[in-house]
Number of protein chains: 2
Amino acid sequence: MQAYIQQHKNRFISELLDLLRIPSISADSRYKNDVRKAAEFIREKLIAAGADSAELCETPGHPIVYGQKIIDASLPTILVYGHYDVQPADPLDLWHSPPFEPVIKDEKIYARGACDDKGQVYMHLKALETMLATGNLTCNVKFMIEGEEEVGSDNLGNFVKANKEKLQADVILISDTGIISNDCPSLTSGLRGLSYLEVEVTGPNRDLHSGMYGGAVANPINILCEMIASLKDENKHITIPGFYDEVVELSREERDEMAKAPFNLEEYKKDLNIGDVHGETSYSTTERVSIRPTLDVNGIWGGYTGEGSKTVIPSQAFAKISMRLVPNQSPEKITELFTKHFLAIAPKSVKVKVKPHHGGEPVVTPIDSVAFRAASKAFEEAWGKTPIPKREGGSIPIVALFEKELGLKSVLMGFGLDSDAIHSPNEHYGLFNYIKGIETIPLFYKYYTTLSKTEGR
Amino acid sequence: MQAYIQQHKNRFISELLDLLRIPSISADSRYKNDVRKAAEFIREKLIAAGADSAELCETPGHPIVYGQKIIDASLPTILVYGHYDVQPADPLDLWHSPPFEPVIKDEKIYARGACDDKGQVYMHLKALETMLATGNLTCNVKFMIEGEEEVGSDNLGNFVKANKEKLQADVILISDTGIISNDCPSLTSGLRGLSYLEVEVTGPNRDLHSGMYGGAVANPINILCEMIASLKDENKHITIPGFYDEVVELSREERDEMAKAPFNLEEYKKDLNIGDVHGETSYSTTERVSIRPTLDVNGIWGGYTGEGSKTVIPSQAFAKISMRLVPNQSPEKITELFTKHFLAIAPKSVKVKVKPHHGGEPVVTPIDSVAFRAASKAFEEAWGKTPIPKREGGSIPIVALFEKELGLKSVLMGFGLDSDAIHSPNEHYGLFNYIKGIETIPLFYKYYTTLSKTEGR
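Residues numbered from 1 in each chain as written. Chains lettered and ligands numbered in written order. Predicted model: local features only at pLDDT ≥ 70, side-chain atom pairs only at ≥ 80, totals over all residues. Heavy atoms only, no water.

## Digging into the overall build of chain A
Along the backbone of chain A there are 13 helices and 18 strands. Scaling as 2.2 N^0.38, a compact globule of 457 residues should have a C-alpha radius of gyration of about 23 Å, and chain A matches this with 23 Å. Its C-alpha atoms put chain A at 80 × 50 × 45 Å along the principal axes. Taking all 457 residues of chain A together, 64% fall into the buried category. Taking all contacts inside chain A whose residues are at least 6 apart in sequence as the whole, residues at least 24 apart take part in 79%. Summing over all exposed atoms, chain A offers an accessible surface of approximately 16,800 Å²; the carbon and sulfur share of this is 49%. For chain A, the centre of its 50 positive side-chain charges and the centre of its 63 negative side-chain charges are spaced 1 Å apart. (Helix = DSSP H or I, 4+ residues; strand = E, 2+ residues; numbered from the N terminus. Rg over C-alpha atoms; globule rule 2.2 N^0.38 Å. Buried < 20%, exposed > 50% of the residue type's maximum accessible area, 1.4 Å probe, protein only. Contact = heavy atoms within 4.5 Å. Areas by Shrake-Rupley, 256 points an atom, 1.4 Å probe, with all protein chains shown as cover. Lys, Arg positive; Asp, Glu negative; His and termini not counted. Charge placed at Lys NZ, Arg CZ, Asp CG, Glu CD.)

## Let's talk about the relation of the copies chain A and chain B
One chain copy maps onto the other through a rotation about an axis and a shift parallel to that axis. Under the fitted operation, chain A is carried onto chain B by 0.1 Å of movement along the axis and a turn of 180 degrees, and the coordinates agree to an RMSD of 0.1 Å. Such values leave the two copies arranged in the relation of a two-fold axis. When the interface residues of chain A are mapped onto chain B, 98% of them again fall at the interface, so both copies present the same face. (Least-squares fit on C-alpha atoms with pLDDT ≥ 70 in both.)

## Observations regarding the interface of chain A and chain B
On the chain B side, the residues contacting the 88 residues of chain A number 86 residues. Overall, the association of chain A and chain B removes approximately 7,600 Å² of surface from exposure, summing both partners, and the carbon and sulfur fraction of that is 51%. On the chain A side of the contact with chain B, Met-212, His-278 and Lys-310 of chain A bury the most area, a combined 9% of that side's loss. Linking chain A with chain B are 43 residue pairs in polar contact (both at pLDDT 80 or more), by the criterion used here. Tallying contributions element by element places strand S11 (residues 296–303) of chain A first for the side of chain A that touches chain B, with eight residues. Tallied by class, residues from the side of chain A that touches chain B come to 33 nonpolar, 34 polar and 21 charged. (Buried area = accessible area lost by both parts, 1.4 Å probe. Polar contact = N/O pair within 3.5 Å; in protein donor to acceptor, adjacent residues only side chain to side chain. Nonpolar A, V, L, I, M, F, W, Y, C, P; charged D, E, K, R; others polar.)

## Considerations on the domain arrangement of chain A
All names here are of chain A. Taken as a whole, chain A is organised into domain 1 (2–191 + 362–455) and domain 2 (193–247 + 293–360). Counting residues at the interface gives twelve residues for domain 1 and eleven residues for domain 2. Approximately 720 Å² of surface area, both sides summed, lies buried where domain 1 meets domain 2, with 63% of it carried by carbon and sulfur atoms. Of all residues in domain 1, Pro-362, Ser-395 and Pro-397 bury the most surface against domain 2, accounting for 63% of the area lost on that side. Put simply, domain 1 and domain 2 have zero salt bridges between them. (Domains from an automatic or database assignment. Salt bridge = Lys/Arg side-chain N within 4 Å of Asp/Glu carboxyl O.)

## Some words on the sheet that holds strand S18 (residues 428–430) of chain A
Residues and elements named next belong to chain A. Across the sheet, which stays open at both edges, the three strands sit in the order S4-S5-S18 with antiparallel pairing between neighbours. Either end of the sheet is taken by a strand with one partner, and the two such strands are strand S4 (103–105) and S18. Strand-to-strand, the axes of this sheet are offset by a mean angle of 25 degrees, without reference to chain direction. Where strand S5 (residues 108–110) and S18 come together, three bridges link them in antiparallel fashion. Across the sheet, the residue bridging to Tyr-110 is His-428, located in S18. Its contacts with the sheet place helix H1 (residues 2–20) against S4 and S5, and it is angled at close to 20 degrees to S5. Sitting on the sheet, helix H13 (residues 431–455) touches S4, S5 and S18, and the angle it makes with S18 is about 60 degrees. (Pairing = 2+ DSSP bridges. Axes fitted to C-alpha atoms, helices over the stretch in contact; angles between N-to-C directions.)

## Focus on the UniProt feature "domain: Peptidase M20 dimerisation" (unreviewed entry) in chain A
The UniProt feature table records "domain: Peptidase M20 dimerisation" (unreviewed entry) at residues 197–348 of chain A. Secondary structure content for residues 197–348 of chain A is 31% helix and 18% strand, while the C-alpha to C-alpha distance between its ends is 22 Å. (UniProt positions renumbered as here; feature names shortened; annotations may be inferred.)

Following this line, the structure appears as structure tokens:
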């Protein structure tokens with residue numbers, strides 16, 4: 001298969017560039033048609049790769065692409081999940097090349113979606129093509145590639161519930177995470193959950209002159225700042241009552257095991273150009289981004305933000321706030337606790353509204369499962385190293401959904417790097433990682449099939 | 001004179017509407033030509049009112065209109081100051097009628113600048129016309145109407161310094177403040193000062209994925225909120241070291257005298273639709289907006305603020321912050337104290353920049369001066385009531401400048417109302433106040449001339 005991949009490498013890359021050119025921004029209704037165009041692209045390429053069938057399944061939102069290649073009903077079935085939609089590209093002025101005009105520089109493809117998630121999804125289509133072209137497909141495969149992951153996968157749940165028969169499989173394979181480095185491959189053994197809310201603080205019923213009213217009237221911006229600041233104490237511990245109740249603390253042994261993964265604090269700080277890291281007292285950086293919950297303000301606005309000065313006390317101030325969760329925190333419960341607390345700490349001089357956005361459950365993948373071990377062996381063979389189990393900081397909300405509705409565990413076998421700058425300007429994906437992923441994926445199929453035979457699925 | 005005013009009342013109003021139609025927004029360079037157009041309008045109307053001369057004096061910014069009517073060099077000279085530029089009108093969607101298409105509704109003129117300051121400036125031109133037309137001008141008058149008050153009067157200082165001869169006078173008359181109510185006229189006996197700064201907090205060198213980095217990296221929005229929140233304690237007292245050092249505390253007697261001015265807390269809260277007022281412990285609302293310094297965030301922004309959700313830790317967060325000052329706080333000193341403190345409280349995990357904007361000195365006007373008493377008598381005659389001396393919350397930075405460069409005190413004789421919503425959408429000015437002002441101003445001239453003769457200027 002390696003020979004086939006090398007032979008068709010340039011085409012594999014140029015097809016991905018074509019996909020990257022489509023601005024499939026799910027958060028922005030102005031790009032609705034482009035989102036559909038990307039779905040169509042995936043569908044066509046599934047057929048071209050050798051799928052029996054591939055179709056666009058309509059939803060109230062963006063379509064879900066479903067395709068399959070069934071070779072023998074008695075063999076295991078792998079269900080590949082991914083998403084063809086991308087994050088918004090702003091701030092545009094910080095991109096060195098336009099986000100939807102991919103360029104290859106320093107052996108990396110630069111474009112919005114290069115890593116998250118188009119580059120990683122497309123590896124699976126090329127892996128399918130490779131396995132079929134070389135007669136190496138060892139089991140059945142189904143594809144479910146959606147277009148709303150970046151906005152909460154609102155319609156995926158209903159699709160899954162309505163298509164349980166069609167989606168029957170033995171394991172779900174997802175490439176939407178990363179490895180520690182190209183020298184130190186890793187496999188995701190857990191994901192954080194997510195709770196996302198928007199808050200609105202209203203003071204006076206109109207903007208006020210800050211000379212005339214300043215000092216006597218609550219300024220919603222000042223109040224919002226105070227409320228947000230109060231959400232953490234001096235140890236950066238979140239102060240919402242009940243927030244940590246369900247958090248599963250790792251044992252000292254587990255934390256020691258985690259600490260063995262390579263991590264260079266100086267390089268980390270240098271890469272981000274920060275004077276210091278900053279987080280919950282008595283946890284390491286690696287622990288802070290994986291086994292501990294967080295609270296971040298993702299956006300804040302209010303008052304006069306234009307050129308020069310305006311001495312106004314604005315009527316309103318706003319913020320978007322999200323929390324990353326760990327097992328066994330429940331997004332619904334956390335959203336409720338946040339809302340209750342935020343409304344309670346509001347002074348009588350303002351009115352506060354809290355609007356919840358989409359959430360997601362945290363997840364832990366058992367590392368002794370057949371699927372995890374198959375992925376591990378695939379990495380050993382393709383990369384020459386045993387991958388380190390790693391808990392990710394990010395969220396893939398539908399992993400918990402899949403377990404609940406389909407009874408299926410997910411294997412999170414991603415090939416991205418932290419430096420790929422997903423969700424940021426100048427997102428990119430290494431050619432090495434792209435091609436290596438295409439090599440590794442068929443090995444997962446091989447080992448999963450073999451191990452299932454001897455141990456069950 | 002009252003008969004003349006009544007006879008020409010409609011024209012006095014329609015000329016003001018013409019002036020209000022010109023969008024002379026000094027803060028926005030796109031309106032540069034309109035600002036000049038408003039200056040030209042004032043110049044022409046000064047001539048039409050009977051001034052000996054009126055001219056546009058060029059500056060590096062917007063022009064200053066200078067005009068004069070000298071009847072006898074041995075008589076006192078009143079120097080009228082005002083501004084023809086206006087605040088930006090945003091947020092536009094909250095105006096009931098377009099800000100530069102004045103309408104008269106419920107006996108009020110609605111337009112940006114109706115009160116601040118065009119309505120009030122134009123009263124002085126119509127007062128001049130009235131006094132001249134009826135042979136009642138008792139002393140000399142000079143006009144200095146600038147176009148940059150809303151953006152800090154940056155070029156006024158140099159103009160004043162370069163034209164001390166030309167601007168020689170005995171007192172400065174300014175109508176850019178207000179009265180307590182039409183039933184309770186008042187005279188401004190003090191103004192607060194102003195310190196205005198813009199702050200920038202930078203965390204990582206790029207926007208980050210909040211799953212991947214959340215919990216380990218300082219989020220500049222969270223940090224900015226914490227820094228702003230720390231600027232006040234639980235008593236709403238500002239925590240910047242040295243901030244209150246120069247504040248002159250009023251005596252118990254003075255505070256009791258202030259407390260006699262009519263003020264209805266319930267109506268105040270109802271007018272703003274707030275559940276409670278909010279300010280420094282152990283000071284009344286009236287005291288909080290006049291004799292106490294303040295700190296307000298006028299604008300804040302950072303991160304993703306568009307439609308939907310984006311799980312980002314932004315690279316930067318920003319705020320515009322201003323402080324109203326009281327005697328004897330110095331704007332330069334306060335700006336320095338703020339900057340020093342804000343930089344000092346920044347954690348090592350972020351980089352902070354502080355950029356000062358324009359400031360202004362606080363002012364107290366002696367209520368036993370000839371000028372203050374002349375204004376008081378003018379109100380008694382025109383309104384039938386002795387005006388209450390009142391300390392204003394707002395700032396007019398050039399009042400201190402005038403004293404320093406020209407050795408002149410200012411009389412702050414304004415006719416606006418708090419409900420006129422200056423700096424806000426739907427700014428307006430009462431027809432009653434406009435016409436009453438035109439009646440009152442000539443009486444100031446009369447009493448000032450008379451009192452000066454017996455007591456000196």
